[in-house]
Amino acid sequence: MKTVKLGNTNWTASNVALGIMRMDALTPAEAASSLNAAVDAGINFIDSADIYGQGASEKVFGAALKQSGLRRDQLFIQSKGGIIVDPARSHGSLVFGKRYDFSKQHLIDAVDGELSRMGIDYLDAFLLHRPDPLMEPEEVAAAFDELQQAGKVRHFGVSNFDPQQFAFLQENISQPLLINQVQFSVMHTGMVNAGMHVNMEDPRSVNRDGGLLAFSRRKHVTLQAWSPFQYGMFAGVYIDNAKFPELNAKLAELAAKYHVSKNGIAVAWILRMPVPFQVILGTMNPAHIKDSAAGSDVTLTRQEWYDVYFAAGNDLP
């Protein structure tokens, strides 16, 4: 398992992480098996959020951590906060918000709840979970300062922020923002498309993220790719999906060459980017965790990267 440097620091972790959004569907014993499979595959980074399973995922994780035999210091544990859940529209792991809330008290309460549910004393990283248009930076700064001084959070970041939102927040807090968690996969390539279709009029020229890839490279921000095997907004998995025959044929060809699964090639495709990326796996299946994590050790050639990109329906201008 290769590692990635988190932000402009000497903090390194596995470049594949385990996301626990779906862990609420498991028993603690099943979740412990998933954790041990991840660690056996070289993964030492866990990603969570207070809204996953409306808190149940973190409770299961806490119980599983005790059953797994793993020590707290063997894992980097990250969680996110800032979304107020709408129970009327939320079902199990699929959670919808009724508002965002970056007030000082809510962020502190969010972290306290996460630590309590997981049965741990600190988070290695805490991310703001999607941009809040009502964000008051002094509130966020006060929350981050208090959380860090209390030893509850070691590092900070954001999710789904564009460069201007990221830069504005960074100018108003004392801690470096190390991470930005964004959707990215071979079937979600808007950040790549716009960077190539510059000053053109076709659909791929639309810049939806404000130049996030170039910004992240300039500012040494680590991007975490969520939904690496999904297309659309949780529309489904593209691996072994009959809707995408050309892509699956190319993934299968490369999987055979490198002796990994299609999932492994999909992971390797993301990690081939020169931007520091960390891939967040969402599966709880121990076998799938291991075969996906194997992509960390595959380095695609430049042409292979482009061939997968073309097979997903993209082109060059």
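What counts and what doesn't
Residues numbered from 1 in each chain as written. Predicted model: local features only at pLDDT ≥ 70, side-chain atom pairs only at ≥ 80, totals over all residues. Heavy atoms only, no water. Helix = DSSP H or I, 4+ residues; strand = E, 2+ residues; numbered from the N terminus. Rg over C-alpha atoms; globule rule 2.2 N^0.38 Å. Buried < 20%, exposed > 50% of the residue type's maximum accessible area, 1.4 Å probe, protein only. Contact = heavy atoms within 4.5 Å. Core = buried A, V, L, I, M, F, W, Y, C linked by side-chain atoms within 4.5 Å. Pairing = 2+ DSSP bridges. Axes fitted to C-alpha atoms, helices over the stretch in contact; angles between N-to-C directions. 1 Å grid on protein atoms, 1.4 Å probe; cavity = no way out; pocket = protein on both sides within 12 Å on 5 of 7 lines; lining within 4 Å. Points joined across faces, edges and corners; volume = space filled by probe spheres on them. Nonpolar A, V, L, I, M, F, W, Y, C, P; charged D, E, K, R; others polar. Expected span 1.5 Å × (residues − 1).

## Describing the overall build of the protein chain
Helices and strands together make up the secondary structure of the protein chain, namely eleven helices and 14 strands. Against the globule reference of 20 Å for 317 residues, the protein chain gives a C-alpha radius of gyration of 19 Å, in line with a compact fold. Here the C-alpha coordinates of the protein chain stretch approximately 50 × 45 × 45 Å along the principal axes. Across the 317 residues in the protein chain, those meeting the buried criterion constitute 55%. Sequence-distant contacts, at least 24 apart, represent 73% of the contacts inside the protein chain between residues at least 6 apart.

## Re the nonpolar core
One broad rule of soluble globular proteins: the nonpolar side chains tend to lie buried together. By size, the foremost hydrophobic cluster in this structure holds 86 residues, and its most contacted members are Phe61, Leu128, Tyr238, Leu247 and Phe277. Not counting the four nearest positions on each side in its chain, Phe277 is found in contact with Val4, Asn15, Phe184, Met191, Leu213, Leu223, Ala225, Ile270 and Leu271. Counting twelve residues, the second largest nonpolar core, distinct from the first, contains Val4, Leu6, Ala17 and Ile280.

## Some details on the sheet that holds strand S5 (residues 76-81)
The eight strands are arranged S3-S4-S5-S8-S9-S10-S11-S14 in a closed barrel whose pairing can be described as parallel. When the angles between neighbouring strand axes are averaged without regard to direction, this sheet yields 30°. In the sheet, S5 pairs with strand S8 (residues 123-129) via four bridges, with the strands oriented parallel. Among the inter-strand pairings, Gly81 is bridged to a residue of S8, identified as Leu128.

## Side note on the layout of surface pockets
In this structure, the largest pocket encloses a volume near 880 Å³. Lining the largest pocket are 37 residues, with Met21, Tyr52, Trp226, Ser227 and Phe234 positioned closest to its centre. Within the residue set of the lining of the largest pocket, elements represented by two or more residues are strand S7 (97-100), strand S14 (277-281) and helix H10 (286-293). Residue composition of the lining of the largest pocket, grouped by class: 19 nonpolar, 14 polar and four charged.

## Side note on helix H3 (residues 104-118)
Taking 1.5 Å of rise per residue, the 15 residues of H3 would be expected to cover 21 Å, and the 22 Å separating its terminal C-alpha atoms lies within 8% of that figure. His106, Leu107, Ile108, Ala110, Val111, Gly113, Glu114, Leu115 and Met118 are the residues of H3 that are buried. Its buried side turned inward, H3 meets helix H2 (56-68), S5, strand S6 (83-85), S8, helix H4 (137-149) and strand S9 (153-159). One or two residues past the end of H3 sits Gly119, with phi positive at roughly 70°.

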